[in-house]
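# Coordinate analysis (summary)
Residue strings, one per chain:
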Amino acid sequence: MGSTQLPPGTEESLAATTALAAAPGEATDMVQLLGPDGTLGSDPIFSDYAKRIDPEKLRVFYTDMAKIRRFDQESTALQRQGELALWVPLTGQEAAQIGSGHASQPQDYIFPTYREHGVALVRNVDLAELLKQFRGVSNGGWDPRENNFHLYTLVLAAQTLHAVGYAMGVQRDQKAAAASDSTDPKAAVMAYFGDGASSEGDVHESMVFAASYNAPVVFFCQNNHWAISVPTEVQTKVPLSNRAKGYGFPGIRVDGNDVIAVHAVTEWALEHAREGRGPVLIEAYTYRVGAHTTADDPTKYRESAEEAAWREKDPLDRLEKYLRAEGLADDAFFDQVKADGDELAKYVRSTTHGLEVPDIRQAFASVYAEQHPLIAEELAWFEEYSAGFESDQEASN
Amino acid sequence: MATMTIAKAINEGLRATLTKNPKSLLMGEDIGHLGGVYRVTDGLIKEFGDDRVLDTPLAESGIVGTAIGLALRGYSPVCEIQFDGFVYPAFNQITTQLAKIHARSLGKLTVPVVIRIPYGGGIGSIEHHSESPEALFAHTAGLRIISPSNAHDAYWMIQKAVECKDPVIFFEPKRRYWLKGDVDVESPGLSEDPFKAHVVREGTDATIVAYGPLVPVALAAANAATEDGRSVEVIDLRSISPLDFDTVEASVKKTGRLIVAHEAPTFGGIGGEIAARISERAFLHLEAPVIRVGGFHMPYPVAKVEEDYLPDIDKILEALDRSLAY
């Protein structure tokens, strides 16, 4: 990485961040500001970014993390009750998602994988819309352009390439805007993926393309330690953030359970990208406390002691400790957060029950953007076939 | 009216597209300064710059995946995959993403990506340079697949492909790249709708359906059959998905006999779909079963024996004899 790409002092820090080889267990080679005990430390570069976060924003971070955890619990319960076919829990990853999501600006575009419910919340996607996919009434559910939050993609890593291509488009738009003295704010793109997806070829290709074209994209890898039942050690022998060096752009490992550090690092990375200095890889070092999806059973592949150790680093607990210690939030605030969470859960539950089952004609209508004779022919057959049942019924009445 | 090769016609078609659509861009390996291994994009980088004509890293999934992202941002990318057999690394992006994004978003998102693939054999090349994978893509809903057989169609069909809001796979008959023909650059004529078949030769005794590289072979076979007093109709399908069954059906109702010829293996191929569909639509008009002429169920063979593999005039005439014997 060239020193011209980074703010003063960053290079040394990032070099230190990325130089260490992977150590099993605790990672010390990462940016951390808010420790598990709730005390705020400092960082030569990112403390300046953390200072931009005012108390109100910190309370929003807490509120959103609590909200999305409550949403996750409710969705898991809905799945257990047979209301959803599957659920992909995020508990444990709230800081990584809420912190990074809040660092984005409205003009930025987000490409999620399928677990970014927290980012969706921050981007103002109606959470009930997320459940459509898991209830089996839609393969999407929301209009991605409304909040610049793309649809979930179930094929691992496919979206990382879409993000880079989109960023290449942003780059061209910005070039045209600069030529026309436009005052549109500069934009960047964020691609979310997990440690499991980091093994997919598309992640590699996306980083090659991003580097080649200096695309304004931030790769945000949530290393939650488990790709279903396979541990990170099987995906990589070095910290994932180290890989960025091989592509020629900065890689930063951040404590993914520290919402303040995640926000600071992501804000830096997005600014870096928006200013035309190229891509950044962030590895948010975190942990999926629950199952990969409601279909698996973590007790079959990992020790409960490991889960317990990570619960000690809980992102909500540490922010609560900090807010209380600093006198930034009181019991009334936390009670209100809990009440709001319960309200959200109630809303999600009632909306889920009310999600409309689509007519298959809707599927016929959206295969192609332009008229297609085979679709017309098969739909006509279906209509005739369906009408046959109706006339049978009429005859029997 | 201008005379040009198919390769030049595609080049001119791309030039016209880049000129009229500022959001269109080309991307692929070696398509810039080299002008593509077949020089189909020759000179375009000089004219439009490397923001519009991108020499990409060597990564097919990357080319298609980033093209999807560009399309989502409002651009119209035209990707080149260097050879048919190299499209498989991009198969995932094409079938699970490109084909499905419009449906997944219930029509809110369009991804007007065009993927150009030089395809087919007969050029004496080595492994992975002579395949015909069109059926693999035709089976996937959400994609449109077309293949021109002459310069005029090549010039217009590539432009229409870019204008189409759906993703289009544009199979270029590489062994016909140097086939010259008249191009009416003023008017697309029948090429206005690239998804329709053309009756390129009228006849009354039998119909041969072909597309891309086999159209000249089908025409030569039909001409040879006249020596035996046979009047053979030839249809250039042009579009593999959607398939213009109406044109084929109308022809079969006239001739009563149908031969489908393509280079891809017959098993599970487009020919089987046409045979089945026409049997359903025009069974009582058929004087003989629909006969397929295509490749064998084997990897595309080594170049020194590819003549035995490829459908040629004799193989089509043999099929015609079998059909007429009923």
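The coordinates are above.
Residues numbered from 1 in each chain as written. Chains lettered and ligands numbered in written order. Predicted model: local features only at pLDDT ≥ 70, side-chain atom pairs only at ≥ 80, totals over all residues. Heavy atoms only, no water.

### Looking at the interface of chain B and chain A
Chain B puts 48 residues into the contact, and the matching count from chain A is 41 residues. Of the roughly 3,600 Å² buried at the junction of chain B and chain A (both faces included), carbon and sulfur atoms supply 58%. The largest contributions to the chain B side of the interface with chain A come from R73, R104 and K108 of chain B, which together make up 17% of the buried area. Our count for the chain B to chain A interface comes out at six salt bridges. Residue D173 of chain A pairs with K23 of chain B through a salt bridge whose shortest N-O separation is 3.5 Å. Counting every contact that joins chain B to chain A gives 25 residue pairs in polar contact (both at pLDDT 80 or more). Among the secondary structure elements, those contributing two or more residues to the side of chain B that touches chain A are β3 (53–55), α3 (60–72), α4 (91–98), α5 (101–104) and α10 (270–282) of chain B. (Contact = heavy atoms within 4.5 Å. Buried area = accessible area lost by both parts, 1.4 Å probe. Salt bridge = Lys/Arg side-chain N within 4 Å of Asp/Glu carboxyl O. Polar contact = N/O pair within 3.5 Å; in protein donor to acceptor, adjacent residues only side chain to side chain. Helix = DSSP H or I, 4+ residues; strand = E, 2+ residues; numbered from the N terminus.)

### Here's the deal with the layout of surface pockets
Of the pockets and cavities examined, the largest pocket occupies roughly 1,000 Å³. Around the largest pocket sit 45 residues that line it, and P133, A135, L136, G268 and G269 of chain B are the ones nearest its centre. When grouped by side-chain class, the residues that make up the lining of the largest pocket number 27 nonpolar, 12 polar and six charged. As a volume, the second largest pocket reaches approximately 680 Å³. Lining of the second largest pocket is provided by 33 residues; of these, S138 and N139 of chain A together with K100, A103 and R104 of chain B occupy positions nearest its centre. Looking at the lining of the second largest pocket, the elements that each hand over two or more residues are α6 (127–135) and α16 (360–366) of chain A together with α4 and α5 of chain B. Grouping the constituent residues of the lining of the second largest pocket by class yields 17 nonpolar, 13 polar and three charged. (1 Å grid on protein atoms, 1.4 Å probe; cavity = no way out; pocket = protein on both sides within 12 Å on 5 of 7 lines; lining within 4 Å. Points joined across faces, edges and corners; volume = space filled by probe spheres on them. Nonpolar A, V, L, I, M, F, W, Y, C, P; charged D, E, K, R; others polar.)

### Description of the packing of aromatic side chains
Using the criterion set out here, one finds 34 aromatic pairs over all chains in the structure. Ring geometry for Y287 of chain A against W310 of chain A: centres 5.2 Å apart, planes inclined by 5°, an arrangement best described as stacked. You can see Y287 of chain A sitting in the loop between β7 (280–285) and α13 (304–311) and its partner W310 of chain A sitting in helix α13, a full 23 residues away along the chain. Comparing Y287 of chain A with W310 of chain A shows no difference in burial state: the two are buried. Aromatic side chains Y38 of chain B and W178 of chain B sit 6.1 Å apart centroid to centroid with 55° between the ring planes, which places their arrangement in the tilted category. Taken together, the residues Y38 of chain B in the loop between β2 (24–28) and α2 (44–48) and W178 of chain B in the loop between β7 (168–173) and β8 (180–183) connect sequence positions 140 residues apart. For Y38 of chain B, a relative accessible area of 15% corresponds to the buried category. (Phe/Tyr/Trp six-rings, centres within 6.5 Å; stacked < 30°, edge-to-face > 60°. Buried < 20%, exposed > 50% of the residue type's maximum accessible area, 1.4 Å probe, protein only.)

### What to know about a negative patch on the surface
A contiguous patch of negative charge, built from E307, D308, D312 and D314 of chain B, is present on the exposed surface. Structurally, the position occupied by D312 of chain B is in the loop between α11 (306–309) and α12 (313–324). (Patch = residues over 30% accessible without salt bridge, like charges linked within 9 Å, V, L, I, M, F, W, Y side chains within 5 Å. Areas by Shrake-Rupley, 256 points an atom, 1.4 Å probe, with all protein chains shown as cover. Lys, Arg positive; Asp, Glu negative; His and termini not counted. Charge placed at Lys NZ, Arg CZ, Asp CG, Glu CD.)

### Points about helix α8 (residues 215–226) of chain B
Think of an α-helix as 3.6 residues a turn; residues three or four steps apart then line up on the same face. Residue and element names in this part refer to chain B. Its 12 residues give α8 an end-to-end C-alpha distance of 17 Å, which sits within 8% of 16 Å, the value for a rise of 1.5 Å per residue. Of the residues making up α8, those classed as buried are V215, V217, A218, A221, A222 and A225. Along α8, the residues classed as buried sweep out an arc of 160° about the axis, all on the same side. (Expected span 1.5 Å × (residues − 1). Arc of directions from axis to C-beta.)

### Things to note about the packing of helix α4 (residues 94–103) of chain A against helix α12 (residues 259–274) of chain A
Residue and element names in this part refer to chain A. Contact pair α4 / α12: the axes reach a minimum separation of 8 Å and the direction vectors enclose 40°. With respect to their mutual orientation, α4 and α12 come out oblique. Crossing angle aside, the handedness with which α4 passes α12 is right-handed. On α12, the residues touching A95, A96, G99, S100, H102 and A103 of α4 are V259, V262, H263, T266, E267, L270 and R274. (Axes fitted to C-alpha atoms, helices over the stretch in contact; angles between N-to-C directions. Parallel < 35°, antiparallel > 145°, perpendicular 65-115°, else oblique. Left-handed = near helix turned anticlockwise from the far one by under 90°.)

### Re empty space enclosed by the protein
Inspection of every chain in the model, using the stated rule, returns four cavities of 30 Å³ or more. By volume, the largest cavity is sized at about 40 Å³. Of the residues assigned to the lining of the largest cavity, the class counts are four nonpolar, four polar and one charged.

### Regarding the pattern of salt bridges
All names here are of chain A. Across all of its chains, the model carries 48 salt bridges over all chains by this definition. Ionic pairing is found between E283 and R253, a salt bridge with its closest N-O pair at 3.0 Å. Of this pair, E283 sits in strand β7 while R253 sits in strand β6 (residues 251–255), and the two are 30 residues apart along the sequence. Accessibility assignment for this pair places E283 and R253 in one class, buried.

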